[in-house]
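# Descriptive structure summary
Each chain, written out:
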Amino acid sequence: MAQKRGACTWKRHICEQLKLRDRVQQHGFEEIIHQYNRLLEKSDLQAVLSERYQVDKYEATRGHEATGGADTSRSDALQQEMAEMRIRHQEELTELHKKRGELAQTVIELNNQIQQKDKEIQNNEAKMQEYQQQIANLEGDCRDLRNCLQDLERANQTLKDEYDALQITFSALEEKLRKTTEDNQELVSRWMAEKAQEANRLNSENEKDSRRRQAKLQKELADAAKEPLPIDLDDDIEVLAEDSGKGGGEPAHNRALGRTPRRRGANSLGTSPENPEAPLGACAEVRVPSTALHVFEAHDGEVNAVKFSPGSRLLATGGMDRRVKLWEVVSGRCEPKGALTGSNAGITSIEFDSAGSYLLAASNDFASRIWTLEDYRLRHTLTGHSGKVLAARFLLDNARIVSGSYDRTLKLWDLRSKVCMKTVFTGSSCNDIVCTEQCVMSGHFDKKVRFWDIRAESIVQELELQGRVTSLDLNHDRMDLLTCSRDDLVKIVDLRTNAVRQTFSAQGFKCGADWTRVTFSPDGNYVAGGSADGALYIWNVLTGKVDRTLDRNHNSAINSVSWSPSGVYVSSVEKGSKAILWSDM
């Protein structure tokens, strides 16, 4: 309907414009037509007068011949009048011809103007049609946009309704979580109270049993004292007298009874069986690796992490195949010993506890996990991060864990209660973590190393490097911090001054990933790091120069390097599937 009304409007407009053009152009030509008609009338009149003049002249000639000279005077007058009339007519004719030429020129100019106007009208009509087409297209687009807007409004309303429903569900779940947390805390408190009561009951029973055993022993000793015994008078009487003198009158059996509990108490403090993975202490000598002793396929895909156990007998590797594999180092070879499963995504970090009994691994499924190495069982799964966990470390007491994630948070976990004790927002993705007794050091994507006080949950200090921080490591006395960053520099930070003390670089060394790990040697005199071209670089801390470059065995970028606590072996893993055991043997 709107299109029909629009079409009638522009047609009516064109008709009115044509009528206006006719009126304007006709008004301009009226005077020309009038003058042209007068010119034609005068031309016809001149032709008539010329004919009449010829006739009169012929008749006058004949009359003159007839009448002779009598009418000569009258004829002369007539001729003079005719000449004057002819001159006047010729002047008028000349004037009319002049006007006719001017009018013809005016007609030509007006015709040219009419042609130009016609062309302009045609162009305007073409433009008008084009504009009408554009208007029609725009109206169609407007209709489509209105329909799309209506669809979006309906979808927005649907999403709003869903959001409101989800908000209500979230509120209900949050309230349920709060109640569950309170119930959990109450259950934990009750459980701890019952454990305390059970411990007290066991202690009281043990005390009663101990008293019963002591009473029985005293009775047995009293009975034994009453029994007659053969005595050597030369020796034993003197010994008994000597004992009685030293004891101040106390019976011998009482002194023996007083010593008996102390002996049993000493026996009760006996140690558990020796742990084969107990730390061996400081290494006697660090060997700078020069030879690849064993090159082996560690995982089905990329290998991200590698770590030696505190006793240097086990090597753990973690890869994108979601497994942590354990290898026993025997005579320069890595023999497969077992695999730790349970992760739902690739492993990013590996850590042993100080006793070598537990293994902690961080993974890309937003969780950290702890296994016992005795039976390869999964003991704890620590969930709570909203991004992949890139690093997880035991604190020195082995009862707490710190994890750093891509979600820009650090979390402190208590293994006794299996809960998150603290969450700290760091402001940037955390790539690696190291810990001292009361301080956690974290390396971040924003090129900063942050020092955190665990007790206060606050930043003690920040140190900004020139590239994204990929790795952190502490030397044996925990006085120096080793950093690696994406500007292809390895640096040592003095923790007493929190300043960079030394910088290492090499001609071909390039940091291959945001999780490339470097390591100190056990004595802190060397630094090992892998490059993107598959070369392993060993720097001497004392000289600051590259001591050795091993570049013949890896085929892809090295992700992580670990130096055994004994100082004998170095292991490196790559973005391929290989791991290499190095030494100088």
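Residues numbered from 1 in each chain as written. Predicted model: local features only at pLDDT ≥ 70, side-chain atom pairs only at ≥ 80, totals over all residues. Heavy atoms only, no water.

### Things to note about the side chain of lysine 578
In this structure, lysine 578 sits in strand β28 (residues 578-583). Although lysine 578 lies buried, it forms no salt bridge, and the closest oppositely charged side chain, glutamate 574, sits 4.8 Å away as judged by the N-O distance. Side-chain polar atoms of lysine 578 contact the backbone oxygen of asparagine 553, separated by 2.8 Å. The residues contacting lysine 578, other than those within four sequence positions of it, are Val295, Phe296, Glu297, Ala298, Val303, Asn553, His554, Asn555, Ser572 and Val573. (Helix = DSSP H or I, 4+ residues; strand = E, 2+ residues; numbered from the N terminus. Buried < 20%, exposed > 50% of the residue type's maximum accessible area, 1.4 Å probe, protein only. Lys, Arg positive; Asp, Glu negative; His and termini not counted. Salt bridge = Lys/Arg side-chain N within 4 Å of Asp/Glu carboxyl O. Polar contact = N/O pair within 3.5 Å; in protein donor to acceptor, adjacent residues only side chain to side chain. Contact = heavy atoms within 4.5 Å.)

### Let's talk about the sheet that holds strand β13 (residues 419-425)
Ordered by their spatial adjacency, four strands build an open sheet running β10-β11-β12-β13, and the pairing between neighbours is antiparallel. For this open sheet the edge positions go to β10 (389-394) and β13, each flanked by a neighbour on one side alone. Averaged over all pairs of adjacent strands, the angle between strand axes in this sheet comes to 20 degrees, irrespective of strand direction. Pairing of strand β12 (residues 409-414) with β13, which is carried by six bridges, proceeds in the antiparallel orientation. Paired with tryptophan 413 across the bridge in β13 is cysteine 420. (Pairing = 2+ DSSP bridges. Axes fitted to C-alpha atoms, helices over the stretch in contact; angles between N-to-C directions.)

### Considering the pairing of strand β9 (residues 377-383)
In this structure, strand β8 (residues 367-372) lies alongside β9, joined through six bridges in antiparallel fashion. Each bridged residue has a counterpart across the sheet, and for serine 368 the counterpart in β9 is leucine 382. What sits between β8 and β9 in their antiparallel hairpin is a turn of four residues, with tyrosine 376 showing a positive phi close to 60 degrees.

### Considering the state of the cysteines
Enumeration over the complete set of coordinates arrives at zero disulfides. Free cysteine cysteine 484: the closest other cysteine sulfur is in cysteine 511, separated by 4.0 Å. (Disulfide = S-S within 2.5 Å.)

### Here we look at the packing of aromatic side chains
In total, this model carries six aromatic pairs according to the counting rule given. For the pair phenylalanine 296 and tryptophan 327, a centre-to-centre distance of 4.8 Å together with 55 degrees between the ring planes defines the contact as tilted. With phenylalanine 296 in strand β1 (residues 291-297) and tryptophan 327 in strand β4 (residues 324-330), this pair connects stretches of sequence that are 31 residues apart. Both residues of the pair, phenylalanine 296 and tryptophan 327, belong to the buried class. Plain terms: the ring middles of phenylalanine 504 and tryptophan 539 are 6.1 Å apart, the flat faces sit at 40 degrees to each other, and that makes the pair tilted. With phenylalanine 504 in strand β21 (residues 499-504) and tryptophan 539 in strand β24 (residues 536-540), this residue pair connects regions lying 35 residues apart in the sequence. A relative accessible area of 0% places phenylalanine 504 in the buried class. (Phe/Tyr/Trp six-rings, centres within 6.5 Å; stacked < 30°, edge-to-face > 60°.)

### As for the pattern of salt bridges
A side chain with one charge can pair with a side chain of the opposite charge if their charged atoms come near. As enumerated under the stated definition, the model contains 21 salt bridges in all. Aspartate 375 is paired through a salt bridge with arginine 379; the nearest N and O atoms lie 2.7 Å apart. Its relative accessible area of 35% is what places arginine 379 among the partly exposed residues. Between aspartate 488 and lysine 510 there is a salt bridge; the shortest N-O distance is 4.0 Å. Here aspartate 488, found in the loop between β19 (480-485) and β20 (489-494), pairs with lysine 510, found in the loop between β21 and β22 (518-520); they are 22 residues apart in sequence, far enough to count as distant.

### Points about the environment of valine 541
Mapped onto the elements, valine 541 comes out in the loop between β24 and β25 (546-550). With a relative accessible area of 9%, valine 541 lands in the buried category. When the C-alpha atoms of valine 541 and glycine 524 are compared, they prove to be 7.6 Å apart, with 17 residues separating the residues in sequence. The contact partners of valine 541, leaving out residues within four places of it in the chain, are Ile492, Arg501, Gln502, Phe504, Gly524, Asn525, Tyr526 and Val527.

### Quick look at the sheet that holds strand β17 (residues 458-464)
Across the sheet, which stays open at both edges, the four strands sit in the order β14-β15-β16-β17 with antiparallel pairing between neighbours. With partners counted over all chains shown, the strands left at the sheet margins are β14 (430-435) and β17, one partner each. If you compare each strand with its neighbour and ignore which way they point, the axes differ by 20 degrees on average. Inspection of the sheet shows strand β16 (residues 448-453) paired to β17 by six bridges, in the antiparallel sense.

### Structural notes on the confidence of the model for the protein chain
The share of residues in the protein chain with pLDDT of 70 or more is 86%, and the mean pLDDT across the chain is 82. Low confidence marks residues 231-282, where pLDDT is under 50. Its contacts with residues over four positions away, or in another chain, come to 32 contacts. (pLDDT = per-residue confidence, 0-100.)

### Considerations on the side chain of serine 564
Tracing the chain through its elements places serine 564 in the loop between β26 (558-563) and β27 (570-574). Polar side-chain contacts of serine 564 include one of 3.3 Å to the backbone nitrogen of valine 568.

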